[in-house]
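Now for the letters of each chain:
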Amino acid sequence: MDLGLRGKLALVTASSRGIGRACAEALAREGARVIISSRDEGALRRAAREISAATGSEVLWKAADLTSRADVESLADFVGEAGGADVFVFNTGGPRPARFFETSEEDWYHAFELLLMSAVRLTRRLAPTMIERGWGRIVYVTSVAIRQPIPDIALSNVVRISLAGLVKTLALELAPHNVLVNGVMPGITLTDRVRQLAEARAQREEITVEEAIRRMTSGVPVGRAASPEEVAWVVAFLASERASYVTGAMIPVDGGRILSVF
Ligand code: NAD
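Asker: It is not clear to me how unusual backbone geometry should be interpreted in this structure. Could you clarify?
Answerer: Backbone phi values are negative for most residues with the exception of glycine, while trans is the configuration of most peptide bonds. Although it is not a glycine, Asp152 sits at a positive phi angle of roughly 75 degrees. If you check the backbone angles, Asn178 has positive phi at about 60 degrees while not being a glycine. Residue placement: Asn178 occurs in the loop between helix H6 (161-174) and strand E6 (179-186).

Asker: What is the right way to look at the packing of helix H1 (residues 18-29) against helix H9 (residues 228-238) in this model?
Answerer: What describes two packed helices is the angle between their axes and the distance between those same axes. Following both chains from N to C, one finds H1 and H9 inclined at 50 degrees, their axes separated by 8 Å at the closest point. Relative to H9, H1 is oriented oblique. Along this stretch, H1 crosses H9, giving a crossing that reads as right-handed. Across the interface between the two elements, Gly18, Ile19, Ala22, Cys23, Ala26 and Leu27 from H1 touch Pro228, Glu229, Val231, Ala232, Val235 and Ala236 from H9.

Asker: What is the right way to read the pattern of salt bridges from this model?
Answerer: If the charged atoms of two oppositely charged side chains come close together, the side chains can form a pair. Going through the model one piece at a time under the given rule, you end up with 16 salt bridges. Here Glu73 makes a salt bridge to Arg125, at a shortest N to O gap of 2.5 Å. One end of the pair, Glu73, is in helix H3 (residues 69-81); the other, Arg125, is in helix H4 (residues 105-133), and 52 residues separate them in sequence. Since its relative accessible area comes to 32%, Glu73 is described here as partly exposed.

Asker: Would you mind showing me how to read the sheet that holds strand E5 (residues 136-141) here?
Answerer: Across a sheet, paired strands are connected by hydrogen bonds in the backbone, their directions being either parallel or antiparallel. In spatial order, the strands read E3-E2-E1-E4-E5-E6-E7; together these seven strands make up an open sheet with parallel pairing. Lying at the two open borders of the sheet, with one neighbouring strand each, are strand E3 (59-61) and strand E7 (250-253). Between one strand axis and the next, the sheet turns by 20 degrees as a mean value, whatever way the strands run. Lying over the sheet, H1 contacts strand E1 (9-12), strand E2 (33-36), strand E4 (87-90), E5 and E6, oriented at roughly 170 degrees with respect to E1. Its contacts with the sheet place H4 against E1, E4, E5 and E6, and it is angled at close to 175 degrees to E4.

Asker: Help me understand the site of the ligand in this model?
Answerer: Within the structure, the ligand sits among 26 residues, and Ser16, Thr92, Arg160, Thr189 and Thr191 are positioned closest to it. Arg160 has a polar side-chain atom sitting 2.6 Å from an oxygen atom of the ligand. The backbone of Gly187 places a nitrogen or oxygen atom 3.4 Å from an oxygen atom of the ligand. Coverage of the ligand by the protein chains reaches 92% of its 830 Å² of free accessible surface. Residues of the shell around the ligand, tallied by class, amount to eight nonpolar, 13 polar and five charged.

Asker: I'm lost on the nonpolar core in this one. Help?
Answerer: One recurring pattern in soluble globular proteins is that nonpolar side chains are buried together. The biggest cluster of nonpolar side chains holds 41 residues, and the ones touching the most others in it are Leu11, Phe88, Leu122, Ile138 and Tyr140. Of the residues forming this core, the biggest block, nine residues, is contributed by H4. Not counting the four nearest positions on each side in its chain, Leu122 is found in contact with Leu11, Thr13, Leu66, Val72, Leu75, Ala76 and Phe88. By size, the runner-up hydrophobic cluster in this structure holds 32 residues, among which are Ala32, Val89, Trp135 and Val184.

Basis of the calculations
- Residues numbered from 1 in each chain as written.
- Predicted model: local features only at pLDDT ≥ 70, side-chain atom pairs only at ≥ 80, totals over all residues.
- Heavy atoms only, no water.
- Helix = DSSP H or I, 4+ residues; strand = E, 2+ residues; numbered from the N terminus.
- Axes fitted to C-alpha atoms, helices over the stretch in contact; angles between N-to-C directions.
- Parallel < 35°, antiparallel > 145°, perpendicular 65-115°, else oblique.
- Left-handed = near helix turned anticlockwise from the far one by under 90°.
- Contact = heavy atoms within 4.5 Å.
- Salt bridge = Lys/Arg side-chain N within 4 Å of Asp/Glu carboxyl O.
- Buried < 20%, exposed > 50% of the residue type's maximum accessible area, 1.4 Å probe, protein only.
- Pairing = 2+ DSSP bridges.
- Near = heavy atom within 4 Å.
- Polar contact = N/O pair within 3.5 Å; in protein donor to acceptor, adjacent residues only side chain to side chain.
- Areas by Shrake-Rupley, 256 points an atom, 1.4 Å probe, with all protein chains shown as cover.
- Nonpolar A, V, L, I, M, F, W, Y, C, P; charged D, E, K, R; others polar.
- Core = buried A, V, L, I, M, F, W, Y, C linked by side-chain atoms within 4.5 Å.

Here's what the structure looks like:
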């Protein structure tokens, strides 16, 4: 299936590694020009080179800390200078893992800036070009923690829910302009970060890393973690011409872990 993304310009945030990077690569494979972004220039330069070599598409990069308003503004300026985004995939780093009583007031403000305000600020700057063109796709990468809170990540459980509200609100406001807005909720996805968590658990419980991953995914009906690419394929579809009648949806990519109908 041709996703109809050839020549479109896509911004993917938090994309030097993990799920964000896989999303950038999936879009580039479909012929989109891609802008990747994260805090680390060296990692971005490397990732841009590798994605471009693997896909043959143009990959631009711009360093930005999503918690910095100034960085977010200059990222939006960069996107404008590159031609304005047709596709915006919002991904972030995760907030500090902690139980509720281990969090400080600063942690809450930081999570709010990282998970919500960066999405709000970038959407405000990028959506007007999509409205003008009468075509746009926005996909917010969140977490299954929206549907089923995960122990020990209180900040994520609470603040990410606001993104589901953002998806629904924007879907209503932007649908008349053919700008479609959806969210993806990954379950356990085998990125470097999750591999590190598995390694820590393996040490703690004196088991192999494979066994630690097996225990982490024991409640997942398909019996394994996702690869970052498996999340990225869903994101790329939602970002595409082929998803032209999908808006306001929150799609779990979790191997069947969340059984709730709503
Ligand atoms: P990761 O740690 O592998 O990658 C995170 C990316 O975000 C990196 O490119 C990093 O440089 C960038 N980043 C971090 N903080 C940033 C900041 N302040 N400004 C700009 N860039 C920043 O993470 P991942 O496993 O790919 O997860 C991506 C997102 O999806 C996270 O928010 C995570 O909580 C969420 N998520 C992950 C899983 C999973 O199992 N991996 C499951 C559900 C949700």
